[in-house]
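Chain by chain, the residues run as shown.
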Amino acid sequence: QVQLVESGGGLVQAGGSLRLSCAASGSIFRINAMGWYRQAPGKQRDLVARIISYGSTNYADSVRGRFTISRDNAKNTVYLQMNSLKPEDTAVYYCNINTFTRNDYWGQGTQVTVSS
């Protein structure tokens, strides 16, 4: 079965950095994009960053310039480097893989907490 395992979350002070990793296993066909979403308490799940199959990236306005998404195709892993973290970045971060066959796969979520 397809499984996405996330790691790298934790508690950091404002201005600090974290690097999230998401390793995918199983057969995933026709990947359209890999990305990261986050959900803060009482809020909807929002796109943070996404990398398209051909390499282009998208970022939420709130993280552009601070976060960087990357991937390692050989390891089937997507990363999110988060710098200059702010308290408003506090959320559960979810890895996502979207396919051209209209399937979505999700990681288990990893908590990121940024203290002021």
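Since the structure is predicted, the reported quantities are computational estimates derived from the model, not experimental observations.

Caption draft 1: Spotlight on the state of the cysteines. A complete count under the given rule lists one disulfide for this structure. Shown here is the disulfide that connects Cys22 with Cys95, its sulfur atoms set 2.1 Å apart. Negative torsions about the S-S bond denote left-handed disulfides, and the value of about -85° found for Cys22 with Cys95 makes this one left-handed. Here Cys95 lies in strand β9 (residues 91-99) and Cys22 lies in strand β3 (residues 18-25), a separation of 73 residues in the sequence. Residues Cys22 and Cys95 agree in their burial class; the two are buried.

Caption draft 2: The arrangement of the pattern of salt bridges in detail. Enumeration over the complete set of coordinates arrives at three salt bridges. Salt-bridge contacts for Asp89 lead to Arg38; the nearest nitrogen and oxygen are separated by 2.9 Å. Within this pair, whereas Asp89 is found in the loop between β8 (77-82) and β9, its partner Arg38 is found in strand β4 (residues 31-39), the two being separated by 51 residues in sequence. Its relative accessible area of 14% is what places Arg38 among the buried residues. Salt-bridge contacts for Asp89 lead to Arg66; the nearest nitrogen and oxygen are separated by 2.8 Å. Taken together, the residues Asp89 in the loop between β8 and β9 and Arg66 in the loop between β6 (57-59) and β7 (67-72) connect sequence positions 23 residues apart. Each member of the pair, Asp89 as well as Arg66, is classed as buried. Connected through salt bridges with shared partners, the residues Arg38, Arg66 and Asp89 form a single ionic network.

Definitions and cut-offs
- Residues numbered from 1 in each chain as written.
- Predicted model: local features only at pLDDT ≥ 70, side-chain atom pairs only at ≥ 80, totals over all residues.
- Heavy atoms only, no water.
- Disulfide = S-S within 2.5 Å.
- Helix = DSSP H or I, 4+ residues; strand = E, 2+ residues; numbered from the N terminus.
- Buried < 20%, exposed > 50% of the residue type's maximum accessible area, 1.4 Å probe, protein only.
- Salt bridge = Lys/Arg side-chain N within 4 Å of Asp/Glu carboxyl O.

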